Amino acid sequence: MNTPTSPVWHPFTQHGLGDPIPLIERGDGARLYAADGRSWIDGISSWWVTTHGHAHPRIMAAIRAQTERLDQLIFAGWTHEPAETLAAELVRITPDPLTRVFFSDSGSTSVEVALKMALGYWFNIGAPRHRVLVLEHSYHGDTIGTMSVGERGVYNRAWQPLLFDVDTIPFPHPGMEQATLDALDAACAASGTGEAAAAFIVEPLILGAGGMLIYPAWVLAEMRSICARHGVLFIADEVMTGWGRTGTRFACDQAGVIPDIVCLSKGLTGGAIPLAVTLCIEPIFAAHVSTDRSKTFYHSSSYTANPIACAAANANLEIWRDEPVQQRIDALGEAQDAHLALLSHDPRVHDPRRLGTIAAFDIAAPDGGYLSNLAPRLIAFYRENGVLLRPLGNTVYVMPPYCTTADDLAQIWTAIAASLD
Ligand SMILES: *Cc1c(COP(=O)(O)O)cnc(C)c1O
């Protein structure tokens, strides 16, 4: 445990409640180890990033090898082999219309870049548009721009006045899909101010932080067609859904959807080291290419395309090429189903659901006051029982690394079953 005198200010952590903060020394596969010998199964892949497992030997070796060559390089007007290899490979494995790769260093930044690209496109072609469409309950990051396109609530109330206006499309709950599509269709068209929408940003197939809310592939495909019909740019935020989480490499693959812009991060390096990319179609890049310097895409972070991070991502792509990643994902999904089925008869378990490697359900709890305390109590219970889980409100979900063994998965679900009591 870290000491009360630690100067560290943790993210999304209420220090006033005095919860213990485990000090982890080592990670291996699906397990995290403390110096005192205690260990936890990482049931949420260290916040959705660790895909193949902690300290995957190939990714670690690639990082070590790259540190012998080049640590960091300015990426404005300079380049290096790991970035070139990675960009070419990303273009190869994504649909043909996605031709350009812009590097950054976090999911939030990749979304900021997507929004800047979309508005930059309309500006540079001389037909400025500014209106952004979003899906209800979405999460796209914690910067001011990404909070603007995400769900408003207690998490961002302090900054509300700074967030820009967006048009929110209702979530396609079962039976309500047509209402969602109609709302999107209407919002795409010219608004009262006469300006058509610039872009629609969406988490494909599943809204992560919004509570693991799943919607059908055909709705995603329809949303994409509606945007295409109106010439509204379609941004897929695959920061969480990418790299196999939903059962296919990218969630859009299941819907046959080709976005205009795609955001990738989290599992891009296998979850080992921060890196993000925003891929886009050629016309968006072309709109920024000119002898006129004012059309430049003015965005950069210091660590854009850091060579060590790119080397880790290249190792991730090699693992996808050489190892039976898809089989692991399929097997994990089936195992999740079996555990979920065992719990689904419990009257306290509502809406059990699964997509790819992600399993979730809601705990029925009648009164809201109790509800608000549920997640922290569950988190503490799991922590004391050797499992790292972090329910979202009353939504319990399991999203483990693909290397998780049957025994480790069983231990996670045993802890969950016990937690219901
Ligand atoms: C995690 C997440 C982000 C933000 O990524 P960071 O790397 O935490 O900035 C953006 N979009 C989605 C869908 C995410 O799940």
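Please read these numbers as outputs of a predicted model, since none were measured by experiment. (Residues numbered from 1 in each chain as written. Predicted model: local features only at pLDDT ≥ 70, side-chain atom pairs only at ≥ 80, totals over all residues. Heavy atoms only, no water.)

Student: Outline empty space enclosed by the protein, listing residues and values.
Tutor: Considering all chains together, one arrives at 1 cavity of 30 Å³ or more under this definition. Considering only enclosed or pocket space, the largest cavity measures out at about 90 Å³ in volume. For the lining of the largest cavity, the secondary-structure elements that each account for two or more residues are helix 8 (251-255) and strand 11 (261-264). Of the residues assigned to the lining of the largest cavity, the class counts are 9 nonpolar, 1 polar and 2 charged. (1 Å grid on protein atoms, 1.4 Å probe; cavity = no way out; pocket = protein on both sides within 12 Å on 5 of 7 lines; lining within 4 Å. Points joined across faces, edges and corners; volume = space filled by probe spheres on them. Helix = DSSP H or I, 4+ residues; strand = E, 2+ residues; numbered from the N terminus. Nonpolar A, V, L, I, M, F, W, Y, C, P; charged D, E, K, R; others polar.)

Student: Account for a nonpolar patch on the surface, with residues named and values stated.
Tutor: Taken together, the side chains of Phe12, Trp47, Val154 and Tyr155 make up a nonpolar region of the molecular surface, amounting to roughly 480 Å² of accessible area. Mapping Phe12 onto the fold places it in the segment before strand 1 (24-28). (Patch = residues over 30% accessible without salt bridge, like charges linked within 9 Å, V, L, I, M, F, W, Y side chains within 5 Å. Areas by Shrake-Rupley, 256 points an atom, 1.4 Å probe, with all protein chains shown as cover. Salt bridge = Lys/Arg side-chain N within 4 Å of Asp/Glu carboxyl O.)

Student: Which residues make up the environment of Val289, and what values go with them?
Tutor: Note on placement: Val289 falls in the loop between helix 9 (282-286) and helix 10 (307-322). Each C-alpha atom of the pair Val289 and Gln14 lies 47 Å from the other, and the pair is 275 residues apart in sequence.

Student: Give a detailed account of unusual backbone geometry, specifying residues and quantitative values.
Tutor: A positive phi is found at Ser46, a non-glycine position, where the angle reads about 45°. Judged by its relative accessible area of 29%, Ser46 falls in the partly exposed class. Positive phi, close to 50°, is recorded for Met212, a residue that is not glycine. Among the structural elements, Met212 can be located in the loop between strand 8 (206-207) and strand 9 (213-214). (Buried < 20%, exposed > 50% of the residue type's maximum accessible area, 1.4 Å probe, protein only.)

Student: Please set out the sheet that holds strand 2 (residues 31-34) residue by residue, giving values where relevant.
Tutor: Reading across from one edge, 1-2-3-15 is the order of the 4 strands in this open sheet, with mixed pairing throughout. Lying at the two open borders of the sheet, with one neighbouring strand each, are strand 1 and strand 15 (387-388). Where strand 1 lies against strand 2, 4 bridges are found, and the strand directions are antiparallel. Bridging from a neighbouring strand, Arg26 pairs with Tyr33 of strand 2. (Pairing = 2+ DSSP bridges.)

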